[in-house]
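# Breakdown of the fold
Chain residues, written in single-letter form:
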Amino acid sequence: MTQIKKILFPLSPDVAGKISPTVETMSKAFDSEVHVLFVVRDIKPYKGLPYPSIQYGSYESGSEVRTEQRANMLESLKQFCAGHLGGLDNCVQEVTFGNPAEEILKYIDSANIDLVIMGTHGRRGLEEIFFGSVAREVIGKSKVPVTVVNPYLV
């Protein structure tokens, strides 16, 4: 049986609180470390398009802005872990910038992740055409198992 020592929990702010009990349960079951990753989406390619909601934030290219935003987000992740994953002793927080699916896939490799647990937004129509499905892309390209939780059913 494959050892599951590291679980990646990519955060999507609007569904993360609903999925966190599943992540906590799986982590305890496998005695795994949880890596909570937040990707700040680069929205520059979408300028001028009617983006439905800026859920991932956005960033400017200046390193000062990124450094400050990363520090603020890391503090928010610490608070999230304490409030939603408080029963876990081993919770690693990380913030990256870019395309969410690409950054999640990079993090899987760089941190030697064994399992990904993530939510889905269930986007349809034009939203899915323009923005795609992060979960679908991660599932299709991940080298490790991906568990997708529908936050509206838990």
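Residues numbered from 1 in each chain as written. Predicted model: local features only at pLDDT ≥ 70, side-chain atom pairs only at ≥ 80, totals over all residues. Heavy atoms only, no water.

## Some thoughts on the environment of Asn90
Counted only if it meets this: Working definition: helices are DSSP H or I runs of at least four residues, strands are E runs of at least two. Numbering for both runs from the N terminus. Residues count as neighbours in contact if any of their non-hydrogen atoms are within 4.5 Å of one another. Polar contacts here mean pairs of N or O atoms no more than 3.5 Å apart (in protein, one a potential hydrogen donor and the other a potential acceptor; neighbouring residues in sequence count only if both atoms are side-chain atoms).
Note on placement: Asn90 falls in the loop between helix H2 (63-84) and strand S3 (91-98). Residues Asn90 and Glu33, spaced 57 residues apart in sequence, show a C-alpha to C-alpha distance of 5.2 Å. Discounting chain neighbours no more than four positions away, the residues touching Asn90 are Ser32, Glu33 and Val34. Polar contacts involving the side chain of Asn90 include one to the main-chain carbonyl oxygen of Ser32, which spans 3.4 Å.

## Re unusual backbone geometry
Condition: Categorising residues by exposure relies on relative accessible area from a 1.4 Å probe, with only protein chains included: less than 20% of the type maximum marks a residue as buried, more than 50% marks it as exposed, and the intermediate range marks it as partly exposed.
Phi at Asp31 takes a positive value of approximately 50°, unusual for a residue other than glycine. On the secondary structure map, Asp31 appears in the loop between helix H1 (16-30) and strand S2 (33-41). Among the residues examined, Asp31 registers a relative accessible area of 59% and is labelled exposed. The backbone phi angle of Asn112 is positive, close to 55°, even though this residue is not glycine. Residue placement: Asn112 occurs in the loop between helix H3 (100-110) and strand S4 (115-119).

## Digging into the sheet that holds strand S1 (residues 6-10)
Operational definition: Here, a strand pair is defined by DSSP locating no fewer than two bridges between the strands. In this analysis an axis means a line fitted to C-alpha atoms, helices contributing only their contacting stretch, and an angle means the value between N-to-C directions, from 0 to 180 degrees.
With parallel pairing, the five strands of this open sheet are ordered in space as S3-S2-S1-S4-S5. Edge positions in the open sheet fall to S3 and strand S5 (146-149), since each of these has one partner strand only. Going from strand to strand, the sheet's axes swing by 25° on average, the running direction of each strand aside. Here S1 runs beside S4; their pairing, made up of two bridges, is parallel. From the neighbouring strand, Ile7 faces S4, where its bridge partner is Leu115. With respect to the sheet, H3 is in contact with S1, S2, S3 and S4, its orientation differing from that of S2 by roughly 150°.

## Here we look at the nonpolar core
What counts is decided by this rule: In this description, a nonpolar core means a group of buried Ala, Val, Leu, Ile, Met, Phe, Trp, Tyr and Cys residues linked to one another through side-chain atoms lying within 4.5 Å.
Formed by 25 residues in total, the largest nonpolar core has its most connected members in Phe9, Leu11, Val36 and Leu85. Elements supplying a minimum of two residues to this core: S1, H1, S2, H2, S3 and S4. No other element matches H2, which puts five residues into this core. With near-sequence residues (within four places) excluded, Phe9 lies in contact with Ala16, Ile19, Ser20, Val23, Val34, His35, Val36, Leu37, Phe80, Leu85 and Ile117. Core analysis: the second largest hydrophobic core is formed by 16 residues, Leu8, Ile108, Ala111 and Met118 among them.

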